[in-house]
Amino acid sequence: MIIDTHTHIFEKEFDEDRDKVIQRAKDAGVSKMVLPNINTESIGRLKELAMSDKNAFIPAMGLHPTEINANYRSDLETIKTELFGGEYKAVGEIGMDLYWDKEFEREQTEAFEMQLDWAAELSLPVLIHSRNSFREAINAVKHSRCRKGIFHCFGGTIEEAEEILSLGDFLLGIGGIVTFKKSALPDVLKNIDIKHIVLETDAPYLSPTPHRGKRNEPSYITEVAAALSRIYDLSIEDVAQKTTDNAVNLLKIKL
Ligand SMILES: [Zn+2]
């Protein structure tokens with residue numbers, strides 16, 4: 001049994017064949033999928049999917065950093081109402097993204113800090129997106145009361161991994177990057193205990209080898225598990241079991 005701790009299959013990229021994608025995931029052993037929200041417009045789609053199979057889907061609520069624009073204050077109000085009124089297992093997807101442009105850096109920081117506070121208030125873990133903003137994201141977490149979550153799509157150095165783990169009860173979300181030929185991540189992970197690792201796809205993005213360049217989907221997570229089984233010299237079943245336990249404990253998932 002595998003948990004995909006980060007997938008956006010409620011998005012429009014899956015409108016044509018979502019049922020088949022979900023069936024392929026279940027056939028591959030992916031029995032649970034965490035759904036991090038994107039923006040105010042995706043809330044309806046996310047909830048509809050989550051309600052369709054409460055056993056399989058674990059909804060998370062947040063405003064994604066790349067969705068922060070001039071409307072961010074009213075968007076945050078909408079997200080807050082939804083988060084505090086719903087049954088969410090995590091606050092996400094939240095964080096910082098300074099890759100595309102820095103126009104809304106100040107607003108991203110404010111939104112991230114605010115959502116970290118909500119997570120602390122609700123005692124929920126956070127699902128953090130950080131791109132070209134490692135230091136900014138770390139500082140925001142340090143200055144918040146939030147002490148648990150997942151740094152999703154981790155692709156950093158040993159020092160960065162250790163700094164994340166020193167923040168509290170934080171895990172590293174490992175996805176397709178670990179399967180890429182030139183990735184330095186396998187060597188980094190050799191120094192990190194598997195008790196700190198959870199699996200994810202980030203579908204529809206970041207497909208693992210040999211699906212690179214195509215739309216990603218939760219069933220491809222088996223390629224990530226296979227890469228970790230080589231890194232840690234464990235069976236794929238052991239990788240699945242250990243990373244599932246890590247996710248279950250952090251997100252308080254009922255099996
Ligand atoms: Zn994401």
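Before any of the text, the structure's been laid out above.
Residues numbered from 1 in each chain as written. Predicted model: local features only at pLDDT ≥ 70, side-chain atom pairs only at ≥ 80, totals over all residues. Heavy atoms only, no water.

1. Quick word on the overall build of the protein
This is how it is decided: The numbering of helices and of strands both runs from the N terminus, where a helix is a DSSP run of H or I of at least 4 residues and a strand a run of E of at least 2. Both definitions apply: the radius of gyration is a C-alpha atom measure, and the globule rule equals 2.2 Å times residues to the power 0.38. When a residue's accessible area, from a 1.4 Å probe over protein chains only, is under 20% of the maximum for its type it is buried; when over 50% it is exposed; and in between it is partly exposed. In what follows, a contact means two residues having at least one pair of non-hydrogen atoms within 4.5 Å. Per-residue and other accessible areas follow the Shrake-Rupley method at a 1.4 Å probe size, with only the shown protein chains counted as cover for residues. His is not counted, nor are the chain ends, whereas Lys and Arg count as positive and Asp and Glu as negative. The atoms used to mark charge sites are NZ of Lys, CZ of Arg, CG of Asp and CD of Glu.
Within the protein, the regular secondary structure consists of nine helices and eight strands. Against the 2.2 N^0.38 benchmark of 18 Å for 255 residues, the protein shows a C-alpha radius of gyration of 17 Å, consistent with a compact globule. Taking the principal axes of the C-alpha coordinates as reference, the protein spans close to 45 × 40 × 35 Å. Across the 255 residues that make up the protein, the buried fraction comes to 56%. In the protein, once contacts between residues fewer than 6 apart in sequence are set aside, the share between residues at least 24 apart is 71%. Carbon together with sulfur atoms contributes 47% to the accessible area of the protein, which is approximately 11600 Å² in total. Put simply, the protein has 31 plus and 42 minus side-chain charges, and the middle of one group is 2 Å from the middle of the other.

2. Describing the nonpolar core
Inclusion rule: Buried Ala, Val, Leu, Ile, Met, Phe, Trp, Tyr and Cys residues that are joined via side-chain atoms within 4.5 Å together make up what is termed a nonpolar core.
Grouped together as the largest cluster of nonpolar side chains are 69 residues, with contacts concentrated most on Ile9 and Ile174. When residues of this core are assigned to their parent elements, the largest contribution, seven residues, is made by helix H8 (residues 221-232). Isoleucine 9 has contacts with Phe14, Arg18, Val21, Ile22, Met33, Leu35, Leu49, Phe57, Ala203 and Pro218, leaving out every residue within four places of it along the chain. In terms of nonpolar packing, the next biggest core, distinct from the first, is built from 14 residues, Ala60, Ala90, Leu250 and Ile253 among them.

3. Observations concerning the sheet that holds strand S1 (residues 2-4)
The condition is simple: A pair of strands counts as paired when DSSP detects no fewer than two bridges linking them. To get an axis, fit a line to the C-alpha atoms, keeping to the stretch in contact for a helix; angles then go from 0 to 180 degrees between the N-to-C directions.
The strand order S1-S2-S3-S4-S5-S6-S7-S8 describes an open sheet built from eight strands, whose pairing is parallel. Two strands bound the open sheet, and with one partner strand each, they are S1 and strand S8 (197-199). Across the sheet, the axes of successive neighbouring strands diverge by a mean angle of 30°, strand direction being ignored. Strand direction decides the pairing type here: strand S7 (residues 169-174) and S8, joined by three bridges, are parallel. When the bridges of S8 are listed, leucine 172 appears paired with isoleucine 197.

4. With respect to the pattern of salt bridges
Applicable threshold: The salt bridge criterion pairs a side-chain nitrogen of Lys or Arg with a carboxyl oxygen of Asp or Glu, the two atoms within 4 Å.
Tallying each qualifying case throughout the model produces 15 salt bridges. With a closest N to O distance of 2.9 Å, aspartate 17 and arginine 215 form a salt bridge. Taken together, the positions of aspartate 17 in the loop between S1 and helix H1 (18-27) and arginine 215 in the loop between S8 and H8 put the pair 198 residues apart, joining distant regions of the chain. Glutamate 110 is the partner of arginine 106 in a salt bridge, and the nearest nitrogen-oxygen pair spans 3.9 Å. Taken together, the residues arginine 106 and glutamate 110, both in helix H4 (residues 105-122) and four residues apart, mark about one turn of the helix. If you follow the salt bridges from partner to partner, you end up with Glu11, Lys12, Glu41 and Arg45 in one network.

5. Thoughts on the coordination of the zinc ion
Stated precisely, the cut-off is as follows: Each metal site is built from N, O and S donor atoms within 2.8 Å (3.2 Å for Na, K and Ca), and since water is not included, such sites may look incomplete. Angle rules define the geometry names used: all angles between 85 and 135 degrees makes four donors tetrahedral, while opposite donors over 155 degrees apart and all other angles between 65 and 115 make four donors square planar and six octahedral, leaving every other case irregular.
At 2.1 to 2.7 Å from the zinc ion lie its protein donor atoms, namely His6 (NE2), His8 (NE2), Glu93 (OE) and Asp202 (OD). Given four donor atoms and angles of 83 to 173° at the metal, the environment of the zinc ion is assigned as irregular. Between consecutive donor residues of the zinc ion, the sequence gaps follow H-x1-H-x84-E-x108-D. Here aspartate 202 lies in the loop between S8 and H8 and histidine 6 lies in the loop between S1 and H1, a separation of 196 residues in the sequence. Each member of the pair, histidine 6 together with aspartate 202, is buried.

6. What to know about the packing of aromatic side chains
Inclusion rule: When two rings of Phe, Tyr or Trp (its six-membered ring) have centres within 6.5 Å they constitute a pair, described as stacked for plane angles under 30 degrees, edge-to-face for angles over 60, and tilted for the intermediate range. Two conditions define a charge sitting above a ring: the NZ of Lys or the CZ of Arg must be within 6 Å of the ring centre, and it must be within 35 degrees of the ring normal.
If you walk through the whole model with that rule in mind, you get three aromatic pairs. Between phenylalanine 151 and phenylalanine 170 the ring centres are 5.8 Å apart and the planes differ by 65°, which places this aromatic pair in the edge-to-face class. Here phenylalanine 151 is found in strand S6 (residues 148-151), whereas its partner phenylalanine 170 is found in strand S7, with 19 residues between them in sequence. Of the two residues, phenylalanine 151 and phenylalanine 170, neither departs from the other in class, the shared state being buried. It is lysine 80 that lies over the ring of phenylalanine 84; its NZ or CZ is 5.5 Å from the centre. Its guanidinium or amino end placed over the ring of phenylalanine 180, arginine 212 lies 3.5 Å from that ring's centre, counting from NZ or CZ.

7. Description of the environment of asparagine 39
This is how the line gets drawn: Two N or O atoms form a polar contact when they lie within 3.5 Å of each other; inside protein one atom must be a possible hydrogen donor and the other a possible acceptor, and for residues adjacent in sequence the pair counts only when both atoms belong to side chains.
The residue asparagine 39 is located in the loop between strand S2 (30-36) and helix H2 (43-52) in this model. For the pair formed by asparagine 39 and serine 235, sequence separation is 196 residues and the distance between their alpha carbons is 38 Å. In this structure the side chain of asparagine 39 is engaged in a polar contact, spanning 3.1 Å, whose partner is the side chain of glutamate 67.

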